[in-house]
Every structure is written in structure tokens, then in C-alpha cells.
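Summary of structural features
As a plain string of letters, each chain reads:
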Amino acid sequence: MDKIIVANIVDVELNDIYPCEIHISDGYIEEVIPIATTDPNDVDLDYEGILLPGFIDAHTHIESTMLIPSNYAKAVIPHGTTSVISDIHEMANISGLKGINFMIENGKEVPFDFFYAAPSCVPPTNFETSGAIIDSELVNILLKLNDFVSLGEMMNFPAVLAGDEEVLKKIEYAKKLNMPIDGHGPLLTGEKLKKYIDADIYTDHESSLFDEAIEKKKLGMKIMVREGSAVKNFDDLLNKNDRQIFWANEEDAKNLSRDDYNLLLKNPIFDFLVSDDKNPIDILNGHLNLLIKRLIDTDVFPIEAIKMVTLNPSKHYNLDVGVIAAGKKANFVLIDNFDNFNILKTFVGGEIVYEDGNVLFDSEDVEFENTFNVSEKSPEDFDVKIDLKEGKIKALIMKVMDKSLITDKTIKELEVKDHIIQENIDRDILKIAVVNRYGEDTVTNGFVKGFKITDGALASSIAHDCHNIIVVGTNKHDMAKAVNEIIENQGGLAVVSRRNDIKESLELPIAGLMCNDDVSTLALKLKNLQNIVKLLGCEFNSPFMTLSFLSLLVIPSIKISDKGLFDSEEFRFTDIVQEVISEDEENA
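Residues numbered from 1 in each chain as written. Predicted model: local features only at pLDDT ≥ 70, side-chain atom pairs only at ≥ 80, totals over all residues. Heavy atoms only, no water.

**Section: the overall build of the protein chain**
Per the secondary structure count, the protein chain includes 17 helices and 29 strands. Across its three principal axes, the protein chain shows a C-alpha extent of roughly 95 × 60 × 45 Å. Within the protein chain, the proportion of its 588 residues that are buried is 61%. Taking contacts inside the protein chain between residues at least 6 apart in sequence as the whole, the part at least 24 apart equals 69%. (Helix = DSSP H or I, 4+ residues; strand = E, 2+ residues; numbered from the N terminus. Buried < 20%, exposed > 50% of the residue type's maximum accessible area, 1.4 Å probe, protein only. Contact = heavy atoms within 4.5 Å.)

**Things to note about the sheet that holds strand E9 (residues 203-204)**
The strand order E9-E10-E11 describes an open sheet built from three strands, whose pairing is parallel. At either end of the open sheet lies a strand with only one pairing partner, and these are E9 and strand E11 (272-274). Of the strand pairs in this sheet, strand E10 (residues 222-226) and E11 are connected by three bridges, and their pairing is parallel. The partner of Met-224 across the bridge, within E11, is Phe-272. (Pairing = 2+ DSSP bridges.)

**Quick notes on the nonpolar core**
Counting residues in each nonpolar core, the largest one holds 160 residues, and the members touching the most others are Phe-270, Leu-273 and Phe-451. The residues touching Phe-451, leaving out its near neighbours within four places in the chain, are Val-400, Asp-428, Leu-430, Val-472, Gly-537, Cys-538, Glu-539, Phe-540, Pro-543, Leu-547 and Leu-550. By size, the runner-up hydrophobic cluster in this structure holds 17 residues, among which are Phe-382, Ala-480, Ile-486 and Ile-487. (Core = buried A, V, L, I, M, F, W, Y, C linked by side-chain atoms within 4.5 Å.)

**Some points on the side chain of Glu-63**
With respect to the element layout, Glu-63 can be found in the loop between strand E5 (55-60) and helix H1 (69-76). As a buried residue without a salt bridge, Glu-63 has its nearest oppositely charged side chain in Arg-437, at a separation of 11 Å. In terms of polar contacts, Glu-63 uses its side chain to reach the backbone amide nitrogen of Glu-90, at 3.5 Å. Setting aside residues no more than four positions away along its own chain, Glu-63 makes contact with Ser-86, Asp-87, Ile-88, His-89, Glu-90, Met-91, Met-103, Leu-513 and Met-514. (Lys, Arg positive; Asp, Glu negative; His and termini not counted. Salt bridge = Lys/Arg side-chain N within 4 Å of Asp/Glu carboxyl O. Polar contact = N/O pair within 3.5 Å; in protein donor to acceptor, adjacent residues only side chain to side chain.)

**What to know about the pairing of E5**
The side chains of a regular strand alternate between both faces of the sheet. When you tally the buried positions in E5, you get six out of six residues, the bulk of the element. Pairing of E5 with strand E6 (residues 81-87), which is carried by four bridges, proceeds in the parallel orientation. Along E6, the bridge assignment pairs Asp-57 with Val-84. Taken together, E5, H1 and E6 form a β-α-β motif whose crossover is right-handed. (Right-handed = clockwise from strand over helix to strand, strands pointing away.)

**Some details on a negative patch on the surface**
On the surface, Glu-109, Asp-362, Glu-364, Asp-365 and Glu-367 cluster together to form a negatively charged patch. Within the secondary structure, Glu-364 is located in the loop between strand E15 (358-359) and strand E16 (384-385). (Patch = residues over 30% accessible without salt bridge, like charges linked within 9 Å, V, L, I, M, F, W, Y side chains within 5 Å. Areas by Shrake-Rupley, 256 points an atom, 1.4 Å probe, with all protein chains shown as cover. Charge placed at Lys NZ, Arg CZ, Asp CG, Glu CD.)

**A closer look at the packing of aromatic side chains**
By the definition in use, this model includes 20 aromatic pairs. Ring centres 4.9 Å apart and planes at 65° place the aromatic pair Phe-246 and Trp-247 in the edge-to-face group. A single burial state applies to Phe-246 and to Trp-247, both of which are buried. What links up through ring pairs into an aromatic cluster is the set Tyr-72, Phe-112, Phe-114, Tyr-116 and Phe-148. Across the ring face of Phe-301, the terminal group of Lys-266 is positioned such that the distance to the ring centre comes to 5.4 Å. One Lys or Arg, Arg-294, reaches over the ring of Phe-234 and ends 4.1 Å from the middle of that ring. (Phe/Tyr/Trp six-rings, centres within 6.5 Å; stacked < 30°, edge-to-face > 60°. Lys NZ or Arg CZ within 6 Å of the ring centre and 35° of its normal.)

**Some thoughts on the pattern of salt bridges**
Counted by the stated rule, this structure contains 35 salt bridges. One salt bridge connects Glu-212 with Lys-216, and the closest N-O pair in it is separated by 2.8 Å. One end of the pair, Glu-212, and the other, Lys-216, are both in helix H7 (residues 210-218), four residues apart, so they sit about a helical turn from each other. The class for Glu-212 is buried, based on a relative accessible area of 7%. A salt bridge links Lys-525 to Asp-517, with the shortest nitrogen-to-oxygen separation between them at 2.8 Å.

Spelled out as C-alpha cells, the structure:
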């Protein structure tokens, strides 16, 4: 036996708090012995406060933080997170097995538990270009490795519904190994939802409406409540008002006493708290600990809130963490109390890895091969050309909303001058483009509404999930300049305004997704870029992350890839020009 810890623990299986001895050997719990006492104050504790199981983020993409795994661990350990289940389809889309191996090996350099979901959709669809393909046979190999605990989110739900043979093979391989299959069904409802679940897909992190989440929950899905940087669903799914209405309308609740009804209200209904995609600014300020505290503040039982990041993911994914019990890894979080929920210490494998505001381990810089094969772009590459020489057209515009991945379709009138469809800055109709980074050297152009920048352009090599270069701007010159800055840096974010003499960038040389900076340095750099974008007129909470999802074709309702403007509801390419409404005589 290595050590004994005496502390007041939260037993998430028995819904209780009591003093005990925790016997630890080789990083795992050998035995938990309750201490019989009539007065807890008489127990000689090693630590004042409450010892919880280490927190588990059940669905995230480490690459979205722009931190390499080892630095990611250093960033979240102070907030009590000791384990994550990461779907590494970002790196997989760029460089396949080489990228996957990079993530796994770098994570092993630090005391932290990285579990992985085998990427199920690389590429996400056949309507875009990625740097690699992970087919069903490769998925089968990955699922058999100890690092993997599930089949990653099945984003291509239209293929599931259509009975695509390759997609169904991936699902069958997971089922044969008794591996959970993660879902991704935004706004999916009715018979389509039932058919999706019938494929044994039993989690969902894309619910944005309470009724949507309830429908999925009643059909057997476990609901992940997502609170990321660009998308925030916590208030919509976990607010007390919706819980009250739900329980009041439930048949079983009609015969309950007032006391029993009030007890029901202290249940969060849903299953997991997850981050999905979170930027370094937000991670610096907190992680799952903030969500637990917010949930407790809505009058949910503290232990029920804690279960959403401990017991629930531990049971669903069959993990050796998440519970203070014999046979589990000795990952703990010491807090002061449930009211303040301050993280005092974090343990991994029985060893203290964070205390007194300090992370007690280091990480080293790494390198990764250049993944960009794209030539410098000219302003003319971002012209939206048409056969019409002069006149007006009705154009299909992508309408973007803050804190949401879902876009709306809108039809707006635009002018055509010398065969080029014109943006209209006064009406917030800007240009958007995706530049292929994998050697095809193509540029797809469109129009977007919602960013409200009045000058310049912002670009990113983070463009889910194939990670071509995406750019939005008020004019083609700044768009070209922003894209070329990213190409020169071999990845990153950029904001450009020639009129205001601005050219700022954040370099992400590791596959165009990550860098070696620690979370504090990276947060400062990102904050600087976001402040510049705000000065240009954009009010989005996380503008670069919002931009990065406008190429994710599996999210309704209209997106853009390197191959074209895409209708995500009809699941087909669509045209910018919906109607020619006037033309000069020479065109007639």
C-alpha cells in the first residue's frame, strides 16, 4: 500500500457524505473504509473540505482549445477536471492516423487521464475535402486499442437514416465490442430520431431546446448539456422554469405530494455536463467546476450535479475513474464547500497535481509536420462571379447567430457589377469563402449575414471538421491578405483591415489547429484578436469559433465547404443565385 488519505468524501453511488480512510496503491484505490463517529469534528482529517471524484468531461475536442494535450491537462487540472473523453476527429481529418497518434502520445506525457472516441466521420460527409479518410476497417482497429472507449459522434446522421453501408459497418464494429456510440442529432425529431436511435446511438450533445432534449431523453438517449464557447445550451436545458413545467405535466407527478414534487425539481433530468468546444479564454476562467456550481445555484442537489461529471460518464463509458471506490483510479478534487465550490487541490493517481494555485507538473514543446498544400491567393479568387454583366439578383445568404451552430437561410437582393455579385456592408451582407488547403487549390465563395464587421476580414485554419481555411470579410483584398497570412504561418487565426492598418495573427503551426503556448499566453493572444474584431463591429462572444463552424455541413441549415454552398436540410449543394430580378439592356 502506498498511502492512506483520511477525508470527508462524496459517495456518488450512495448519495452520501462521510469521513473515511482511502487506501491507495499504485495510483488506484484498494479500499474505502468509512469512519464510524457520532461527531465528524472528532475525526483527524488530512484535508479540510470535501473530497470529490475527479471531474470527467464526457465530450470534448481538445484541438478546439488550440492547446496540445499536455498543455490542455495543465489548463483544466486547476478546475478539478482529471479526465476527458476526446473525439479527435479534428486531427484525424487533417492527417489521419499520424494525427491521432500524435494526440495520444502527447497526452501520455502528463499525469492526466485522456480517453478517446474513435472518429466515426472522417471526412464528415462526401461533400468536402479532408486530408485523410478513416474507413470502417480503421475504425475497427482503433476501437480495439485501450485508449478508446467509444465510437465518436455519428455526425453524418443522414447517412445513418439512409442505411449507408460504410457508416453502418462502423456502428456494427462498435456494437460487437460493446462500445457506446455517441450521437449528433441537431433538431432531429419524430420518426427520423427513432430510426437514428434504433442504430444503438444513445447520447446526444446537440440539443438546443428543452423539448428537443426531452423527446430524445424519453426515447432512451442520455443527454449531454453542452456549454462551450460558441454554443451555450446550459440555460436552455437546465433552467428551473422548464423543469417545473415538465414535472407538473408528467402523468406520474400528478399524485405526488408537494414535498415529493419539490424533490423532483432538485433533479437535473439530463445526464452529462460537457464542454464540446471551448476556447482558451474560457478555460482559463473555469471548466466543469463552473457548470456544477451554476447547477447547484438552480437548486439542484449538489451530489446530483456532481454525478453529471463523475458517476454518470464513468458508468456509461465503463471508465476506471469517476467514483471514490475500490478498483477505481485515485483521482480526486478537494473543494471547500458546496456553496463556494473553490478547488483547493486536485489529485491524479493519488498524487497532488494542483494546489495553492500551482500546477505541479511540466510539459514540453512539440513539433508536427506542415499540413498545408495551398498557393498564395489573389483578391480575384474571392470574387463571386456570374454570367450576368450588370443588374440585380436574389441571393441565398447564410444568416449566423451568436452562441449557436445553427444558421438560417435568408434571401436578399444584391447588385451585380461587371459579372461580380456585390457584398452590401450597409445591410451586413459580407463575403464568406472556404479555401482548400490539401492541394486542390480551390476557393468557394458565398455570402453571410450576422458578423456586422464594417471593414476588414477575419480568417481561420480551424474550420470544422475538415479544417480548410475559412474567411469572412467586407472586401476581397482584405480576405486575400488574411488567408495569405494564415498560409504563411502554416495555420492560425488572422484579422486584417487595410483601411485601419491592421494585420494581426495567432500562429497555430501544429496542423493549423494548435500551438505550444500555455493557456494563459494563448488566451491573451486570442483576446487581443477578438478585441480587434470587436472594434471592427462584430459583437459575437467568440467570433473565430463561430466562424469555424460555418463549414460544418451536418449542422442545419446552410453551410459552405471547399466544394460549394450546402443545404444541410436537403443534404445537397445549392446555388447562391435564386433569381435574376433585373438586368441591363445589354444583358437582355
